[in-house]
Amino acid sequence: MFKEKRKILLAEDDLNLGILLVDYLETEGFEVKLCKNGELALKAFQNKQFDLCLLDVMMPKMDGFSLAKEIRLKDKTIPVIFITAKSLKNDKLKGYTLGADDYITKPFDEEELLWKIKAVIRRIPESKSESKTEIILMGNYTFDYNNQSLAINGKTKRITERESDILKYLSDHRNQVIKREDLLKDLWGENDYFLGRSLDVFITKIRKYLKEEPTISIENVFGVGFIFNVP
């Protein structure tokens, strides 16, 4: 869904696990900076902009909780997911008190972590400039993604957040084959029968919203997905 790779800061002192996660996340389209302790991670954060932090709680030199405090002093909005071998209630409460967006306990499945990352990233703007309005032109339609509105001939319709996400995804991949499974995984984090049925309902609604512009169409590609045809 994203035009640029999302950048992840990974602070993990278990280098075997760290390298495994870097390889996995990079194959999923992310850019990952691995640091083996909290102090190195803080330096990396100070020198480069990241979109999300994965912080191991138990690390030498600076633990994950202390690192999160320092990161929050510099950026109050950046998402943080804690990785830990601990499952104690107090540790989780401490993490959430520090503003954690999520928490995952070792050992974990890489795919589960990926779903958590995507779920958190979907809640943040594609640009750090939240005030910047993203206007997308589609034929005679003007689509305001941030304000969830679709306008044509002086008429404006407010659409839902999910409809906005789907329409933006279609627009970002206009005039090319979009696989259903890719769309579902990128927007919902998984691909199953019931989500597929929900997607069909949303696509039907979006087609109705765009019916006043005959040059635009959402074409079904049997057994594959869709093509969002825009001149």
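The coordinates are above.
No experiment lies behind these values; they were computed from the predicted model shown.

Definitions and limits used
Residues numbered from 1 in each chain as written. Predicted model: local features only at pLDDT ≥ 70, side-chain atom pairs only at ≥ 80, totals over all residues. Heavy atoms only, no water. Pairing = 2+ DSSP bridges. Helix = DSSP H or I, 4+ residues; strand = E, 2+ residues; numbered from the N terminus. Axes fitted to C-alpha atoms, helices over the stretch in contact; angles between N-to-C directions. Contact = heavy atoms within 4.5 Å. Expected span 1.5 Å × (residues − 1). Buried < 20%, exposed > 50% of the residue type's maximum accessible area, 1.4 Å probe, protein only. Polar contact = N/O pair within 3.5 Å; in protein donor to acceptor, adjacent residues only side chain to side chain.

Asker: Just give me the short version of the sheet that holds strand β2 (residues 31-35), but keep the residues and values in it.
Answerer: Strand order in the open sheet made by the five strands is β2-β1-β3-β4-β5, with parallel pairing throughout. A strand with exactly one partner marks an edge of an open sheet, and here the two such strands are β2 and β5 (102-105). Going from strand to strand, the sheet's axes swing by 15° on average, the running direction of each strand aside. Note that strand β4 (residues 80-84) and β5 share four bridges and pair parallel. Within β5, the position partnered with F82 by the bridge is Y103. Lying on the sheet, helix α5 (residues 110-121) is in contact with β1 (7-11), β3 (52-56), β4 and β5; it crosses β5 at an angle near 175°.

Asker: A description of α5 should follow, citing residues and the corresponding values.
Answerer: In this model α5 runs 16 Å from its N-terminal to its C-terminal C-alpha over twelve residues, within 8% of the 16 Å that 1.5 Å per residue would give. Buried within α5 are the following residues: L113, L114, K116, I117, K118, V120 and I121. Check the buried side of α5 and you find it contacts β1, α1 (15-27), β3, β4, β5 and α7 (180-188). Where α5 begins, one side-chain oxygen reaches toward the backbone nitrogen of E111, 2.9 Å away; that side chain belongs to D109.

Everything listed here is a matter of geometry and, on its own, says nothing about what the molecule does.
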